[in-house]
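Understanding the architecture of this molecule
Given next are the chains, with one letter for each unit.
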Amino acid sequence: MSEEFSPKLKQTFEDIRTMKVRGAGRIARAAVSALKDEVYYVSDSSPEEFYKRMQAAANYLKSSRPTAVSLPNGINTVIKSIQKGIAQGLDLKSLKEYVAKEADVFIQKSIEAQKKIGEIGAKRIVNGDTVLTHCNSQSAISVIETAFKEGKQIKIFATETRPRFQGRLTAAYLADHGIEVTLIPDTAARLYMRKVDKVVVGADAIAVNGAVVNKIGTSQIAALAFESRTRVMVAAETYKISPQTYWGELIEIEMRSPYEVAPKSWLDRHPRIKVMNPAFDVTPPQYIDFIVTEKGIYPPQGIIMLFKELYELA
Ligand code: RUB
């Protein structure tokens, strides 16, 4: 099946699958950029043939990783632009130009959204705050970095984020940008929570009821924050809201290899041990204080209204 796709598309699929490209925003932009290039990969004979080819490419890319809703949402904007262009009666050349332009618009908007989230979220960080973040979220980092650039004296705890240690990426980035950061084991989150003023995390998906799917361990941290009355901010672009959850579907949680948790040689010596390695978990809305999007700040319970507005259902 994948033979019919361009080398770039196949490479992007592999990069997302193997987590060379990771983080929900980056995944979406990489997929949309690959689809943009796919537009001109072969010369189609008709708009319908082009549509069919792009739909196959879209479905292939969607299957690279299951949880980050930004991936299908980003891809769907490209597919919808083809449908719109065909409905408008565009000829093949104009249709391809239109679709490539819409892909660029998505990428540009995604970058701008992260910046805007930083500006809005930073208003909720005050001078002297200690912030705890988990995993490696560009949107969460945007909030932290903007607050720092505004001159606020802040300290960060970054959890190491086992088993893939994305917290090291966060810690390295923040330290390289002059921000005081302390890397802690995930298991030390409760010990240090008493020193934390705000928890700031990103999201891979947001359900319409305001529940947030993010890196495994996020819900544990949110529960600890709840216990110690520490505020939890989720920084996420609106394209992370899952439309499927409006119709009652659940968000699929990616299960990853057991060898990320323990080496194969060790597991081979202990064949009776089972390993579960979920990549994400669900934080219930009651453990989240607010969600910062590029459209403004919402309580988790307000996400349904935002969703209806975005999808013109209200
Ligand atoms: C990354 C992760 C990030 C979100 C949000 O998981 O959980 O918190 O994707 O990131 P993984 P961003 O490393 O498994 O992809 O704000 O950059 O979209």
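This write-up is about the structure you can find in this document. (Residues numbered from 1 in each chain as written. Predicted model: local features only at pLDDT ≥ 70, side-chain atom pairs only at ≥ 80, totals over all residues. Heavy atoms only, no water.)

This brings us to the sheet that holds strand E8 (residues 280-283). The antiparallel open sheet is built from three strands, whose spatial order is E5-E6-E8. In the strand order of this sheet, the two ends are held by strand E5 (205-206) and E8, each with one partner. Strand direction decides the pairing type here: E5 and strand E6 (residues 212-215), joined by two bridges, are antiparallel. The partner of alanine 205 across the bridge, within E6, is valine 213. Against the sheet, helix H9 (residues 218-227) touches E6 and E8, its axis set at about 35 degrees to E8. (Pairing = 2+ DSSP bridges. Helix = DSSP H or I, 4+ residues; strand = E, 2+ residues; numbered from the N terminus. Contact = heavy atoms within 4.5 Å. Axes fitted to C-alpha atoms, helices over the stretch in contact; angles between N-to-C directions.)

Where helix H4 (residues 70-87) meets helix H5 (residues 92-122), the closest approach of the two axes is 9 Å, and the angle between their N-to-C directions is 150 degrees. As the angle between them shows, H4 and H5 are arranged roughly antiparallel. By crossing handedness, the relation of H4 to H5 is classed as right-handed. The segment H4 lies against H5, with Gly74, Thr77, Val78, Ser81, Ile82, Lys84, Gly85 and Ile86 engaging Leu95, Tyr98, Val99, Glu102, Ala103 and Phe106. Residue composition of the contact of H4 with H5, by class: eight nonpolar, four polar and two charged. (Parallel < 35°, antiparallel > 145°, perpendicular 65-115°, else oblique. Left-handed = near helix turned anticlockwise from the far one by under 90°. Nonpolar A, V, L, I, M, F, W, Y, C, P; charged D, E, K, R; others polar.)

If you walk across this open sheet you meet the seven strands as E3-E2-E1-E4-E7-E9-E10, and the pairing is mixed. Where the open sheet ends on each side, the last strands, each with one partner, are strand E3 (180-184) and strand E10 (296-298). Averaged over neighbouring strand pairs, the angle between their axes works out to 25 degrees when direction is ignored. Relative to E3, strand E2 (residues 155-159) is paired through five bridges, and the arrangement is parallel. Each residue of the ladder has a partner; that of threonine 159, found in E3, is isoleucine 184. In the packing of helix H7 (residues 166-176) onto the sheet, the strands contacted are strand E1 (130-133), E2 and E3, and the crossing angle to E3 comes to about 160 degrees. In the packing of H9 onto the sheet, the strands contacted are E1, E2, strand E4 (198-201) and strand E7 (231-235), and the crossing angle to E4 comes to about 160 degrees.

A few words on the site of the ligand. Of all residues adjacent to the ligand, which total 18 residues, the nearest are Arg22, Ser137, Asn214, Lys215 and Lys240. The separation between an oxygen atom of the ligand and a polar side-chain atom of serine 137 is 2.7 Å. For the ligand, an oxygen atom lies 2.8 Å from a polar atom in the backbone of glutamine 138. Within the complex, 100% of the 460 Å² of free accessible area of the ligand lies under protein. Looking at the shell around the ligand, the elements with two or more residues in it are helix H2 (24-39), helix H6 (138-149) and E6. Taken together, the residues that form the shell around the ligand break down as five nonpolar, eight polar and five charged. Split by domain, the residues of the shell around the ligand number at least three in each of domain 1 (2-115) and domain 2 (123-310). (Near = heavy atom within 4 Å. Polar contact = N/O pair within 3.5 Å; in protein donor to acceptor, adjacent residues only side chain to side chain. Areas by Shrake-Rupley, 256 points an atom, 1.4 Å probe, with all protein chains shown as cover. Domains from an automatic or database assignment.)

Side chains of Leu310, Tyr311 and Leu313 sit close together on the surface and give an oily, nonpolar patch of about 230 Å² of accessible area. Within the fold, leucine 313 resides in the segment after helix H11 (303-310). For leucine 313, a relative accessible area of 39% puts it in the partly exposed group. (Patch = residues over 30% accessible without salt bridge, like charges linked within 9 Å, V, L, I, M, F, W, Y side chains within 5 Å. Salt bridge = Lys/Arg side-chain N within 4 Å of Asp/Glu carboxyl O. Buried < 20%, exposed > 50% of the residue type's maximum accessible area, 1.4 Å probe, protein only.)

Here we take up the pairing of E2. Counting buried residues along E2, four of its five residues qualify, which places the element largely inside the surrounding structure. Bridge analysis of E1 against E2 gives four bridges, and the strand direction is parallel. Bridging from a neighbouring strand, threonine 130 pairs with lysine 155 of E2. Crossover E2 to E3 through H7 is right-handed. (Right-handed = clockwise from strand over helix to strand, strands pointing away.)

Take H6 next. In this model, H6 (twelve residues) spans 16 Å end to end at C-alpha, consistent with the 16 Å of a helix rising 1.5 Å per residue. With nine of its twelve residues buried, H6 lies for the most part within the structure. Listed as buried for H6 are Ser139, Ala140, Ile141, Ser142, Val143, Ile144, Glu145, Thr146 and Ala147. Of the surrounding elements, those touching the buried residues of H6 are H5, E1, E2, H7, E4 and E7. (Expected span 1.5 Å × (residues − 1).)

The next point concerns the pattern of salt bridges. Pairs may arise between side chains of opposite charge once their charged atoms sit close together. Scanning all chains against the criterion turns up 19 salt bridges. Linking glutamate 97 and lysine 93 is a salt bridge whose minimum nitrogen-to-oxygen distance equals 3.1 Å. Placement of the pair is glutamate 97 and lysine 93 together in helix H5, with a separation of four residues, close to one helical turn. Put simply, lysine 152 and glutamate 150 hold a salt bridge, and the shortest N to O gap is 3.0 Å. By relative accessible area, lysine 152 is classed as buried at 18%. Several salt bridges share partner residues, and in doing so they unite Arg65, Arg164, Glu254, Arg256 and Glu260 into one network.

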